[in-house]
Number of protein chains: 2
Amino acid sequence: MSRGDGRGAGKAGGTPLRELLRVGGGGAGRVGLGAYDSSALPAGPSDKAAGQAAAAALAEPLAGLQERLYAAATGGDRRRLLLVLQGMDTSGKGGTVKHVAGPLNPAGCRVTSFKAPTAEEREHPFLWRVERALPRPGEIGIFDRSHYEDVLIARVRALVPPEVVERRYEEINAFERALVEDGVTVVKVFLHIGFEEQRERLLRRLDRPDKHWKFDPGDIEERRLWPAYQEAYERVLERCSTAEAPWYVVPADRKWYRNWAVGRLLLEHLEELDPRYPAAAFDVEACRARLIAG
Amino acid sequence: MSRGDGRGAGKAGGTPLRELLRVGGGGAGRVGLGAYDSSALPAGPSDKAAGQAAAAALAEPLAGLQERLYAAATGGDRRRLLLVLQGMDTSGKGGTVKHVAGPLNPAGCRVTSFKAPTAEEREHPFLWRVERALPRPGEIGIFDRSHYEDVLIARVRALVPPEVVERRYEEINAFERALVEDGVTVVKVFLHIGFEEQRERLLRRLDRPDKHWKFDPGDIEERRLWPAYQEAYERVLERCSTAEAPWYVVPADRKWYRNWAVGRLLLEHLEELDPRYPAAAFDVEACRARLIAG
């Protein structure tokens, strides 16, 4: 697999960002997050001003491709895209949603934030609530947290026995494979931040009364389990970065880099889909004549 | 009730737009859409450049109020807002969604486009699918079409007997009253366009191959029923513009005016809600100390 230090060495040039950030190449070996620098700039802009400009420049092509994807669905194209965002508290999942979805037409974009499961959700298999939130043909779905919580917090907090967690890795892989076969492009992004960066972000939330609502003292308890969470993420990246639905690790200590990188990953996948406006399934001239007459 | 010619006479000055565009004042009499000029500029900007600037200036206050609404919900505030958009084909419902929702954080904004009911939806009462799409506390919900289709196309196409349509007006009023009592601010907007304007918009879609996907020859059949639809809208405005959940008629022949007016209506309602960031329900200094130590 590509290693953090290797990726950090040079700029991308013509290499797609997805090649640089993808975990494994179908047969991922052991993953150690220690090899991934959360403040790295493996490709693209190298300072904040350039990063913000590069991110802003993605808005127009993203909006254009989204419209074509949406239009294609009206012609029977079933393809759609699901962006899964995971990361530790304060890693910027919400901020990324805001930034990446900002230029998209909200009518074709389904954002779902997964919280602790409700009573109704707990009565169903863990993938039930995820299935209900999937994008429909032509849509872009964005998950802020996802079914991966069921092998992350569930593992760290031992909410289910270890053999159930083991089984879930396989169930997730089978589930995502079925999605891909059904026309869903699955883009899974781990927003990787450092332990010190998280401390600073939590302290900043405490500094500002208008950010207190984002703070939960429970976050401090979760932070104490940092090593266990990092290990749970490593197992996820090892077990569930498949050829059909790979994981991407985005260095997320710098918000401007994170925003650019996730937008860029989304753009690369949409460009590959290359959706087309459907041809008219009606007689354009006859319709024009009827409109002018009536 | 306020009449089109009266509203068009002068600029608003200090009068809220909602006062100018609201149908009826709790006891609406007979409504005739002929009295409403679809190209009027009843208040606010009076040319395209000014309209676009005024609409753009709404983005920041709208985003700020949305964040406060969302934040307030984390403190137990159950309030939320539902924007219902109705109008004839090409009246700009989709464009309005794009414009109004653009500056909002998509994580707190639920957009639902209601199409012809699916087989599953037809097996349930007509409000069933609407209930499932309602905004949760802190959210802004936007409906592109809505339960009003069940007294519009259902009336015009006689999909149900007249007595069922009659009953539905009352059911809708009771349903919306219950929403309001539960903390939902219901803002219902009729995008009013003229018959000739619709012709031009349909013709423009035919002119551009990248707009053909938006065209449905069935739209020409619907257009032949224009008078029946106008009458169905008049009955809706008469029967369902209640004190709790009034209708607003927005002149929509000019896109820039429509965008500004709907944004402005949304802003006025959010300003009235005046949501507040919740106070911290935890000891800020103790949390800070724990974060610095650990």
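The rules behind each value
Residues numbered from 1 in each chain as written. Chains lettered and ligands numbered in written order. Predicted model: local features only at pLDDT ≥ 70, side-chain atom pairs only at ≥ 80, totals over all residues. Heavy atoms only, no water. pLDDT = per-residue confidence, 0-100. Contact = heavy atoms within 4.5 Å. Pairing = 2+ DSSP bridges. Helix = DSSP H or I, 4+ residues; strand = E, 2+ residues; numbered from the N terminus. Axes fitted to C-alpha atoms, helices over the stretch in contact; angles between N-to-C directions. Phe/Tyr/Trp six-rings, centres within 6.5 Å; stacked < 30°, edge-to-face > 60°. Buried < 20%, exposed > 50% of the residue type's maximum accessible area, 1.4 Å probe, protein only. Lys NZ or Arg CZ within 6 Å of the ring centre and 35° of its normal. Buried area = accessible area lost by both parts, 1.4 Å probe. Salt bridge = Lys/Arg side-chain N within 4 Å of Asp/Glu carboxyl O. Polar contact = N/O pair within 3.5 Å; in protein donor to acceptor, adjacent residues only side chain to side chain. Nonpolar A, V, L, I, M, F, W, Y, C, P; charged D, E, K, R; others polar. Expected span 1.5 Å × (residues − 1). Parallel < 35°, antiparallel > 145°, perpendicular 65-115°, else oblique. Left-handed = near helix turned anticlockwise from the far one by under 90°.

**Q** Is there a simple way to explain the confidence of the model for chain A in this structure?
**A** The predicted structure's coordinates, where accompanied by low pLDDT, should not be read in detail. Overall, the prediction assigns chain A a mean pLDDT of 93, with 94% of residues at 70 or greater. Note on residues 1-12 of chain A: pLDDT is under 50 here. Beyond four places in sequence and across chains, it has 28 contacts.

**Q** Before we go on, may I ask you to explain the sheet that holds strand E4 (residues 184-192) of chain A in this structure?
**A** Whenever strands of a sheet pair, they do so through backbone hydrogen bonds, lying parallel or antiparallel. All names here are of chain A. Spatially, the five strands line up as an open sheet ordered E2-E3-E1-E4-E5, and their pairing is parallel. Two strands bound the open sheet, and with one partner strand each, they are strand E2 (109-113) and strand E5 (247-251). When the angles between neighbouring strand axes are averaged without regard to direction, this sheet yields 20°. Note: E2 against strand E3 (residues 140-144), five bridges, orientation parallel. Counterpart to Thr112 in the pairing with E3 is Phe143. In the packing of helix H5 (residues 93-101) onto the sheet, contacts are made with strand E1 (80-87), E2, E3 and E4, and the angle to E1 comes to roughly 150°. The sheet contacts of helix H12 (residues 226-240) involve E1, E4 and E5, and relative to E5 the element is tilted by about 140°.

**Q** Any chance you could explain unusual backbone geometry here in plain terms?
**A** Leaving glycine out, the prevailing phi sign among residues is negative, and the prevailing peptide bond configuration is trans. For Asp274 of chain A, which is not a glycine, the phi torsion comes out positive at approximately 45°. Of note, Asp274 of chain A is situated in the loop between helix H13 (255-273) and helix H14 (284-293).

**Q** Looking at this structure, how should I read the packing of aromatic side chains?
**A** Here a ring pair, both rings aromatic, is described through the centre-centre distance and the interplanar angle of the planes. Inspection of the entire model under this criterion finds 16 aromatic pairs over all chains. Seen from their ring centres, Phe195 of chain A and Trp226 of chain A are 5.2 Å apart, and the 75° between their planes marks the pair as edge-to-face. In this pair, Phe195 of chain A sits in helix H10 (residues 195-207) while Trp226 of chain A sits in helix H12, placing the two residues 31 residues apart along the sequence. The class of Phe195 of chain A is partly exposed, set by a relative accessible area of 30%. On the basis of an interplanar angle of 50° and a centroid distance of 5.6 Å, the ring pair of Tyr257 of chain A and Trp260 of chain A is categorised as tilted. Highlighted residues: Tyr257 of chain A and Trp260 of chain A, both in helix H13, separated by three residues, approximately one helical turn. Each member of the pair, Tyr257 of chain A together with Trp260 of chain A, is buried. Through pairs of rings, three or more aromatic residues link up here, namely Trp256, Tyr257 and Trp260 of chain A. Seen from the ring of Phe126 of chain A, Arg168 of chain A lies directly overhead, with NZ or CZ sitting 4.7 Å from the centre. Sitting above the plane of the Phe195 of chain B ring, Arg223 of chain B keeps its charged end 3.8 Å from the centroid.

**Q** Is there a simple way to think about the interface of chain B and chain A in this case?
**A** When the parts of a complex come together, some accessible area is lost, and that lost area is often used as the size of the interface. On the chain A side, the residues contacting the 39 residues of chain B number 41 residues. Around 3,800 Å² of area is buried between chain B and chain A when both sides are counted, 65% of it from carbon and sulfur atoms. The largest contributions to the chain B side of the interface with chain A come from Trp213, Arg290 and Leu291 of chain B, which together make up 20% of the buried area. Counting across the chain B and chain A interface gives four salt bridges. Close ionic contact of Glu221 of chain B with Arg290 of chain A constitutes a salt bridge, the shortest N to O distance being 2.3 Å. Counting across the chain B and chain A interface gives 10 residue pairs in polar contact (both at pLDDT 80 or more). Among the elements of the structure, helix H4 (59-74), helix H5 (93-101), helix H10 (195-207), helix H11 (218-224) and helix H14 (284-293) of chain B are those that each provide at least two residues to the side of chain B that touches chain A. With six residues, the top contributor of residues to the side of chain B that touches chain A is H14 of chain B. For the side of chain B that touches chain A, the residue count by class is 22 nonpolar, five polar and 12 charged.

**Q** Sorry, what's going on with the side chain of Lys188 of chain B here?
**A** Residues and elements named next belong to chain B. Positionally, Lys188 belongs in strand E4 (residues 184-192). Overall, Lys188 belongs to the buried group, its relative accessible area being 0%. Side chain to side chain, Lys188 and Tyr148 meet in a polar contact 2.9 Å long. Excluding residues within four positions of it along the chain, Lys188 makes contact with Val84, Tyr148, Glu176, Cys240, Ala245, Pro246, Trp247 and Tyr248.

**Q** What's the story with H13 of chain A in this structure? I'm lost.
**A** In an α-helix, one turn spans 3.6 residues; hence positions three or four apart end up facing the same way. Residues and elements named next belong to chain A. Between its terminal C-alpha atoms H13 stretches 27 Å, which fits the 27 Å expected from 19 residues at 1.5 Å a residue. Among the 19 residues in H13, 15 count as buried, and that is most of the element. Just downstream of H13, Asp274 is the residue with a positive phi angle, here 45°.

**Q** Would you take a moment to explain the packing of H10 of chain A against H14 of chain B for this structure?
**A** For any two helices packed against each other, one specifies the crossing angle of their axes together with the interaxial distance. Running from N to C, H10 of chain A and H14 of chain B point in directions that differ by 165°, and their axes come no closer than 10 Å. The angle between H10 of chain A and H14 of chain B falls in the class roughly antiparallel. Between H10 of chain A and H14 of chain B lies a crossing of left-handed hand. Contacts from Arg199, Leu202, Leu203, Leu206 and Asp207 of chain A in H10 of chain A reach Val284, Cys287, Arg288, Leu291 and Ile292 of chain B in H14 of chain B. When the residues that make up the contact of H10 of chain A with H14 of chain B are grouped by side-chain class, the tally is seven nonpolar, no polar and three charged.

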